[in-house]
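# Structure at a glance
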Amino acid sequence: MQNYFVGELLGTMTLVLLGCGVVANVLLKKCKGEGSGWICITAGWAFAVIFGVFVAQAAGSAQADLNPAVTISKYYLHVYTSFIQVIIQIIAQLIGAFVGAIIVWLAYLPHWKETTDKGCKLGVFATSPAIVDVRSNFLCEAIGTFVLVLGVGALVTNATVAGGLTPYFVGILVWSIGLSLGGPTGYAINPARDFGPRLAHAILPISGKGGSAWSYAWIPIVGPVVGGLFGAVVWSCVFMR
């Protein structure tokens, strides 16, 4: 088994475990963090990114993408030359996200029964729009991922940013995206982050759960891929001249 497969799987698992975990802490009834709000959620996801990257790198994935949209963008930029590697990494990311979501379910096991709001239960696992508008929701996810890829491009090409600090700055970048652009859709900006946990929600015996909103699920998959590719195009024009 390739080291990058293990690294992407464990890194994405850590990302989702800590990211969806903070959402559970805020949304589920009788949790210590119940009602802590959006600032808490965005901070938790930022820290989840940082430690997800460190875990991925330590486990064998030097690139530590944790995100199919980022992996696809890097393939466009010829960071990866093997399409097979891209597919393997995306599979690892999806598995990692699915496993991370299952662990969140286990960690908060008594609280699902205490929570009657089906939307909150789904919200722990998957994103949903504040206002349902397909074009706007798609655009928001694309813009958020565009900023992500462009920002990462700026970081990795900036000689003043020491390599060991890059994961911290990526976490801050994700925090900024969540605070500034996350309101309309919940900022998936990562197909694995949304699809893996959404699938877990559909399969797991969660007490009193509702549907998994599959009619919306394509937006946090396709939107980030399109936005990431557009970010890669700009990256290639500006940072790779």
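Note: the structure precedes this text.
Okay, so let's go over this structure. Predicted model, so just to flag it, every value in this text is computed and none were measured. (Residues numbered from 1 in each chain as written. Predicted model: local features only at pLDDT ≥ 70, side-chain atom pairs only at ≥ 80, totals over all residues. Heavy atoms only, no water.)

## Describing the overall build of the protein
- For the protein, the helix and strand inventory stands at 10 helices and zero strands.
- Ordered by position in the sequence, the α and β elements of the protein form the string α-α-α-α-α-α-α-α-α-α.
- For 241 residues, the compact-globule estimate of 2.2 N^0.38 gives 18 Å, and the protein sits close to it at 17 Å.
- With the C-alpha coordinates aligned to their principal axes, the bounding extent of the protein is approximately 55 × 40 × 30 Å. (Helix = DSSP H or I, 4+ residues; strand = E, 2+ residues; numbered from the N terminus. Rg over C-alpha atoms; globule rule 2.2 N^0.38 Å.)

## A look at the side chain of Thr127
- Topologically, Thr127 is positioned in the loop between α6 (118–125) and α7 (134–156).
- The exposure class of Thr127 is buried, given its relative accessible area of 4%.
- Polar side-chain contacts of Thr127 include one of 2.7 Å to the side chain of Asp194.
- If we ignore the near neighbours within four places in the chain, the residues touching Thr127 are Thr185, Gly186, Tyr187, Ala188, Arg193, Asp194, Arg198, Tyr216 and Pro220. (Buried < 20%, exposed > 50% of the residue type's maximum accessible area, 1.4 Å probe, protein only. Polar contact = N/O pair within 3.5 Å; in protein donor to acceptor, adjacent residues only side chain to side chain. Contact = heavy atoms within 4.5 Å.)

## Topic: the environment of Val70
- Mapping Val70 onto the fold places it in helix α3 (residues 68–76).
- A sequence separation of 76 residues divides Val70 from Phe146, and the C-alpha atoms of the two residues are 9.8 Å apart.

## A few points about a nonpolar patch on the surface
- On the surface, Tyr75, Phe83, Ile87, Ile91 and Ile95 cluster together into a nonpolar patch covering about 410 Å² of accessible area.
- Here Ile87 is to be found in helix α4 (residues 83–107). (Patch = residues over 30% accessible without salt bridge, like charges linked within 9 Å, V, L, I, M, F, W, Y side chains within 5 Å. Areas by Shrake-Rupley, 256 points an atom, 1.4 Å probe, with all protein chains shown as cover. Salt bridge = Lys/Arg side-chain N within 4 Å of Asp/Glu carboxyl O.)

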